[in-house]
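Summary of structural features
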Amino acid sequence: MNILILGSGGREHSLAWAIKQNPKCDRLIVAPGNAGIAEIADCADIDILDGGVVATFAEENTIDFVIIGPEAPLAAGLADTLRAAGLLVFGPSAAAAQLEASKSFTKAVCDAAGAPTAAYGHFTDAEAARAYIKAQGAPIVVKADGLAAGKGVIVAMTEAEALSAIDEMFDGGFGAAGAEVVIEDFMEGEEASFFVLCDGKTILPVGTAQDHKRAFDGDTGPNTGGMGAYSPAPVMTEAVTHKALAEIIRPTMDEMAKRGTPFQGVLFCGLMIQNGQPRLVEYNVRFGDPECQCLMMRLGGQVLDLLHACAEERLDQMQVNWADDHALTIVMAAKGYPGAYERGTEIKGLQSLPEDSVHMVFHAGTRLADGKMTAAGGRVLNVTARGTTLAEAHERAYAMAQTIDWPQGFYRSDIGWRAL
Ligand code: GLY
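Scope of this entry: the structure provided in the associated data block. (Residues numbered from 1 in each chain as written. Predicted model: local features only at pLDDT ≥ 70, side-chain atom pairs only at ≥ 80, totals over all residues. Heavy atoms only, no water.)

**Focus: the overall build of the protein chain**
Formally: Under the DSSP-based scheme used, a helix requires at least four consecutive residues in state H or I and a strand at least two consecutive residues in state E, with every element numbered from the N terminus. Computation of the radius of gyration draws on C-alpha atoms alone. For the globule rule, the value is 2.2 Å times the number of residues to the power 0.38. Accessibility here uses a 1.4 Å probe with only protein chains present; expressed as a share of the type maximum, an area under 20% marks a residue as buried, one over 50% as exposed, and anything in between as partly exposed. In this tally, Asp and Glu contribute negative charge and Lys and Arg positive charge; neither His nor the terminal groups of the chain are included. Each charge is placed at NZ for Lys, CZ for Arg, CG for Asp and CD for Glu.
A tally of regular secondary structure across the protein chain gives 12 helices and 22 strands. Its C-alpha atoms give the protein chain a radius of gyration of 21 Å, within 12% of the compact-globule value 22 Å for 420 residues. Considering only C-alpha atoms, the protein chain reaches an extent of 60 × 50 × 40 Å along its principal axes. The buried share among the 420 residues of the protein chain stands at 57%. Of the charged side chains in the protein chain, 32 are positive and 54 negative; the average position of the first set lies 1 Å away from that of the second.

Here it is, written out as structure tokens:
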């Protein structure tokens, strides 16, 4: 099978790494990819937001299966364009990708499906939004309705913070994403990420994880795209998993099918769990980054069979073969991230690290320049390890991180603290 993966981050590197292990993979191309991905697959510098370009590229390269990694092309309708061109695609239609691309859409679907989530208001003008915040009080959560690269959610601990978030959104601080806002009740509890594949009918869980959103140790500092993750998430007990499937995910998938826009792809369910009761925080319509890196380390080559069956609506014939193991990933980021940071700094020491079924450094933002590995983004490397216990995975990952020589980078020293 000739496979094309779209995306350029650590998520796509880990997908490529796992898929490459499956003997059904003949040729693997990642577009646009990065310097780490280029070590295991062909990379192609094409515009993945342009459906016509991707469809032509796939035809020219006799691609049998396209896997779409990030949310932006999904929300822009790439899966629809590629399917219309006759390609087999993993990833939801633009209509189904609304579950991530519009917070108010998701809230309306949850209302119709009876799925437990926070009470909310949806606003298209600042005055009404301000009045709602003053009536509700803080803490309160202000969300830009549209896609805002992980930056559109403000958990306001004071009324002043919430009002200032409204000003920023309606003043265009979040671009078109902030033209409408959703304001939600603050939910107490422990967060977890639950990933399921859905082919429009069958739902198949493929793992749980916990992310670390804040930049610095002790969950302090600014919000980021994620500074590290581990899988499985202990808070996702069998009982919580069962409730999440029965009360949240199944009703949502049924509602999407009823609307004539069935969901096909991976549904990333951000859950808040309190006293054994899960409630939906948000849906995303792609694998989490860096959660995916832990899931791929644990699933390995079978992931190709699972994604392929999902795209062919055969998930009812599939099962996941679980190893009783743990994985942990540490994000190494450029100093300054998530604010301004330097690009082009050299990273040394990667060659001496092991690369096997329990150790892997996935590249998130790297570039090879004059034969040197350099940083080319905010989140740069995902140092990932597997173990029979979380403590073992943690020890292995930190031992690797310590040998990477990159003075302009930083990482959290407490990934996994909650479970350890
Ligand atoms: N790690 C969170 C996300 O991928 O949205």
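Having seen the structure, we can now continue with the description.
**Comments concerning unusual backbone geometry**
With omega at -5°, the peptide bond leading from A31 into P32 counts as cis. As for its placement among the helices and strands, P32 is situated in strand β2 (residues 27–32). The step from A138 to P139 runs through a cis peptide bond, and the omega angle for that step is -5°. Relative to the helices and strands, P139 is located in the loop between α7 (126–136) and β7 (140–144). Look at T62: it is not a glycine, yet its phi comes out positive at around 45°.

**A short note on the site of the ligand**
In plain terms, the rule: Residues are classed as near a molecule or strand on a simple rule: at least one heavy atom within 4 Å of it. We call two N or O atoms a polar contact when they sit within 3.5 Å, provided that within protein one can donate a hydrogen and the other can accept it, with sequence-adjacent residues counted only if both atoms are side-chain atoms. Every accessible area reported is derived by Shrake-Rupley at a probe size of 1.4 Å, with residue values counting cover from the shown protein chains alone. Amino acids are sorted into nonpolar (Ala, Val, Leu, Ile, Met, Phe, Trp, Tyr, Cys and Pro), charged (Asp, Glu, Lys and Arg) and polar (every other residue, Gly among them).
Surveying the vicinity of the ligand reveals the residues D211, K213, G225, F268, R286, G288, D289, P290 and E291. Within the backbone of D289, an N or O atom sits 2.9 Å from a nitrogen atom of the ligand. Between the ligand and E291 there is a distance of 2.9 Å, counted from a nitrogen atom to a side-chain nitrogen or oxygen. Coverage of the ligand by the protein amounts to 88% of the 190 Å² it exposes when considered alone. Counted by class, the shell around the ligand contains two nonpolar, two polar and five charged residues.

**Structural notes on the sheet that holds strand β6 (residues 120–123)**
This is how it is decided: Two strands pair under a simple rule: DSSP has to find at least two bridges between them. Here the axes come from fitting lines to C-alpha atoms, over the contacting stretch only for helices, and the angles between their N-to-C directions go from 0 to 180 degrees.
Taken together, four strands build an open sheet; the order of strands is β6-β9-β7-β8 and the sheet is antiparallel. Because the sheet does not close on itself, it has two edges, and the strands there are β6 and β8 (153–156). If you compare each strand with its neighbour and ignore which way they point, the axes differ by 15° on average. Relative to strand β9 (residues 181–185), β7 runs antiparallel, the two sharing five bridges. Residue pairing for β9: V141 is matched across the bridge by E184.

**Re the packing of aromatic side chains**
Filter applied, for reference: Here the aromatic set is Phe, Tyr and Trp, taking the six-membered ring for Trp, and pairing holds for ring centres within 6.5 Å; pairs whose planes are under 30 degrees apart are stacked, those over 60 apart are edge-to-face, and all others are tilted.
Summed over the entire model, instances satisfying the criterion amount to six aromatic pairs. With 4.7 Å between their ring centres and 45° between their planes, F195 and F268 make a pair best called tilted. Of this pair, F195 sits in strand β10 (residues 190–199) while F268 sits in strand β15 (residues 264–274); the two residues are 73 residues apart in sequence, bridging distant segments of the chain. For the residue pair F195 and F268, the accessibility class agrees, reading buried in each case. Ring centres of Y398 and Y411 lie 6.1 Å apart, and the angle between their planes is 45°; this geometry places the pair in the tilted category. Of this pair, Y398 sits in helix α12 (residues 390–403) while Y411 sits in the segment after β22 (409–410), placing them 13 residues apart in sequence. Residue classification places Y398 among the buried positions, given a relative accessible area of 7%. Here the aromatic cluster, defined as three or more aromatic residues joined through ring pairs, consists of F195, F268 and F287.

Just distances and angles here, no functional claims.
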